[in-house]
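# Residue-level structure breakdown
The primary structure of each chain is shown beneath.
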Amino acid sequence: MLEVTNLSKRFGGLVAVANVDLSVRQGEIRGIIGPNGSGKSTLFNLISSVYKPEPGSRIAFDGEDITGRPPHDIARRGIARTFQLLRIFTQMSVLENLLIGHHSHVRYGVGAAVVGAARVWAEERRLKQEMMDLLGFVGLADYAEMAAGELSIGQRRLLALGRAMAMRPKLLMLDEPAAGLSPVNVDKLLNTVMALQKRFGLTLVIIEHILKVVMESCDTVTVLDHGEKIAEGPPAAIKDDHRVIEAYLGKEMADAEVRAFLKAS
Amino acid sequence: MNGPGTNGAAERAPEGWRDLSRFIPWLLGFCVLLVLPWLAVNPYQNYLLNVILINVILAVGLNIVKGFAGQVTVGHIALAAIGAYTSAILSVKFGLPFWLALPAATLVTGLAGALVGIPAFRLEGAYLALATLGLAESVRIFISATDYVGASIGFSDIPPPMLAGKPLGSHIAYYYVVMPVALVGIYLSFCILRSDIGRAFKALREDSLAAAAAGINVRKYKLLAFVISAFYAGCAGSLTAHMSPGFLNPNSYTITEMVTLLLMVVLGGIGHIWGGVIGAVLVTIINDLTVDFYQYRLAIFGMIIVLTVLYMPRGIGGVIDRHFATKRFIALRKAKASVNA
């Protein structure tokens, strides 16, 4: 479904992403892990076209080349993403945030909206109803009219997820969806994500530092370090991969020590 | 409960009623505005009423691009100038009647608005303000240096609109041209801003990157905001041109006038439709009352802008909104408390 080949990005002298290949199947849940600064978020920014990749990179979605297409076009094709720092619209209401996400599916044009045609009002009512249902699904229905800036951090994460879901995506990319949440809330969020994935048959790509999330829910895990892909495979295999352990814990620890450390934790 | 058939009918009836009922306040407002000029005690007040309404159109337009889409433009006054001069040229040099010159000038200004909007693709905030200021000043200087449009002396003898062979030259007659246009303008801005387009504008203002990631075509909506607001400016400009005594001067389109316009939007409430209207009414009246101190006007207005931004960042409209939101919140609390008790 998503085919990334030879993807690179340089910021001046810094190579943020180097020749990464990534292939995500339809319906797969893919985890992306790696130490801080390993290029995970840059990878997302490249796929969603926030950054322009270096020449020679290719990103294909559903068999079509989408390299360098404008971000709104990528979104329209069915790739939704959340941001690490959420970037929800804090001055707009919770419901409006979702309606913005649903923008591509609004069925009236500028002309009808300008003259305030009756079908615009009917469509608005339909949209609101649909978004209220979705809000109920992520558990924020009671807060619909509240300004998004007044939500707690956990609710904001749910809202960011809801806004991405409002786009009716085929591929959903979550950038550290559970960062900064208490363990209870991590479970809650994870359950919501998995319920959504099942219900809508989503393909998921998740960047996450909380290993429990990655180990329990991902089919395949890709590991990045210094912008390069150093490992890929099922979570169980990744856990024991020598290079992965090295990337996270450094070279100084001997293998035996690492094993002991991992067992203890 | 109801069967599916009755349920559907029951739902449809109030919806149709709701669609109609949203026109009622507008009709009431129209009726009030119909009698308003007869309350004026002298022709000058009638003139002032027309100026207020024209400024309302300008402010509502500026509020779309600045208040809702968050694009800091100082070129709005130049768009009004373009509208005014286009309308004047069309009616004086080409003999077009007012009723054709007005829409033509509005369209031309819309195109000019697209040109003003293009820098906004790359510039933001103060940089965009500087770029649009440059454009605005060059329009004014171009006008004051072009003999074809009367240069700095001014463009005179612009005919008033004709209706059934009679000129609508008096201010009270002209009021009935300006007032419906202003009311329709406010209504249309409501339609635009309460729809998905208005939401897209607000999303641009808050975070254009997140908006793009949600599928909003940032360039298209920025341009749309500029063009729609330019339509308002062009319409207001044309209405100024044909108002008696039918005289235009490039000096009515300086940075001072732009600051006055900004004050209307800032004082009234950035991103608040009625706020913009209230701001336009208030500032025009203040402007008229302080005519004797006109050399200090920029200082006074600048000070009001600074004070508003510091102590009332969302303007008068924001204060009104907050008042009602607090009232609703208290009512909700009380209702909950009574349920618990």
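In this text the structure is predicted, and so the values were computed from the model without any measurement. One numbering rule holds for all chains: residues counted from 1, following each sequence as written. Chains carry letters from A onward and ligands carry numbers from 1 onward, assigned in written order. The predicted nature of this model means local features are confined to residues of pLDDT at least 70 and side-chain atom pairs, given and counted, to a pLDDT of 80 or more, with totals for whole chains, interfaces and linings taken over all residues. No hydrogens and no water enter the side-chain calculation; it runs on all heavy atoms of the structure.

### Points about the interface of chain B and chain A
Many authors give the size of an interface as the accessible area that is lost as the parts come together. Listed as interface residues are 31 residues of chain B and, on the opposing side, 34 residues of chain A. Put simply, buried area is how much 1.4 Å-probe accessible surface two parts lose in total, over both of them, once they are put together. Between chain B and chain A the total buried area reaches about 2,800 Å² when both faces are included, carbon and sulfur atoms providing 61% of it. Should a side-chain nitrogen of Lys or Arg be within 4 Å of a carboxyl oxygen of Asp or Glu, the pair is scored as a salt bridge. At the boundary of chain B with chain A, the tally comes to three salt bridges. Close ionic contact of B:D207 with A:R87 constitutes a salt bridge, the shortest N to O distance being 2.8 Å. Counting residues per element, the side of chain B that touches chain A draws most heavily on helix 8 (residues 196-206) of chain B, which supplies eight residues. Ten residue types, Ala, Val, Leu, Ile, Met, Phe, Trp, Tyr, Cys and Pro, are classed as nonpolar, four, Asp, Glu, Lys and Arg, as charged, and the remainder, Gly among them, as polar. For the side of chain B that touches chain A, a count of residues per class yields 16 nonpolar, three polar and twelve charged. A contact between two residues is defined here by any heavy atoms of the two lying within 4.5 Å. Put simply, DSSP marks the helices as runs of H or I at least four residues long and the strands as runs of E at least two long, and each gets a number from the N terminus on.

### As for the pairing of strand 7 (residues 171-175) of chain A
In the case of a regular strand, side chains alternate between the two sheet surfaces. Residue and element names in this part refer to chain A. For each residue, the accessible area found with a 1.4 Å probe, counting protein chains only, is set against the maximum for its type, and the residue is called buried under 20%, exposed over 50%, and partly exposed in between. Across the five residues of strand 7, five count as buried, placing the element largely inside the fold. Of the two faces of strand 7, both are covered, the one formed by L171, M173 and D175 as well as the one formed by L172 and L174. Here a crossover is taken to be right-handed if, once the strands point away from the viewer, the path from the first strand over the helix to the second is traced clockwise. Each parallel crossover has a hand, and the one from strand 7 via helix 7 (residues 183-200) to strand 8 (residues 203-207) is right-handed.

### Section: the side chain of A:T222
Residues and elements named next belong to chain A. Assignment of secondary structure puts T222 in strand 9 (residues 220-225). A distance of 2.8 Å separates polar atoms of two side chains, one belonging to T222 and the other to E232. Apart from the residues within four sequence positions on either side, T222 is in contact with L22, R30, G31, I32, I33, K229, A231 and E232. A 3.5 Å cut-off defines polar contacts: any pair of N or O atoms within that distance qualifies, except that in protein one atom must be a possible hydrogen donor and the other a possible acceptor, and neighbouring residues in sequence count only when both atoms are side-chain atoms.

### So, the sheet that holds strand 2 (residues 14-24) of chain A
Residues and elements named next belong to chain A. Pairing in this open sheet of four strands is antiparallel, and the strands run 2-1-4-5 from one edge to the other. Taken across any chain shown, the strands that pair with only one partner, and hence form the sheet edges, are strand 2 and strand 5 (64-65). Any two strands with at least two DSSP-identified bridges between them are counted as paired. As paired strands, strand 1 (residues 2-11) and strand 2 are joined by seven bridges and run antiparallel to one another. Looking at strand 2, one finds that L2 is bridged to V24. Contacting strand 1, strand 2 and strand 4 (58-61), helix 1 (residues 40-47) crosses the sheet at an angle of about 115° to strand 1. Each axis is a line fitted through C-alpha atoms, taken for helices only over the stretch in contact, and angles between the N-to-C directions span 0 to 180 degrees.

### Things to note about the domain arrangement of chain B
Residues and elements named next belong to chain B. By domain assignment, chain B separates into domain 1 (35-253) and domain 2 (254-341). Using only C-alpha atoms to locate each centre, domain 1 and domain 2 end up separated by 21 Å. Every contact between the two is made by 31 residues of domain 1 and, on the other side, 21 residues of domain 2. Summed over both partners, the interface of domain 1 with domain 2 comes to about 2,200 Å²; 78% of that surface belongs to carbon and sulfur atoms. Where domain 1 touches domain 2, the interface holds zero salt bridges. Seen at the junction of domain 1 and domain 2, the total is four residue pairs in polar contact (both at pLDDT 80 or more). Of all the secondary structure elements, the ones that give two or more residues to the side of domain 1 that touches domain 2 are helix 3 (43-68), helix 4 (76-92), helix 6 (125-145) and helix 7 (171-193). For every domain, the bounds stem from an assignment made automatically or drawn from a database.

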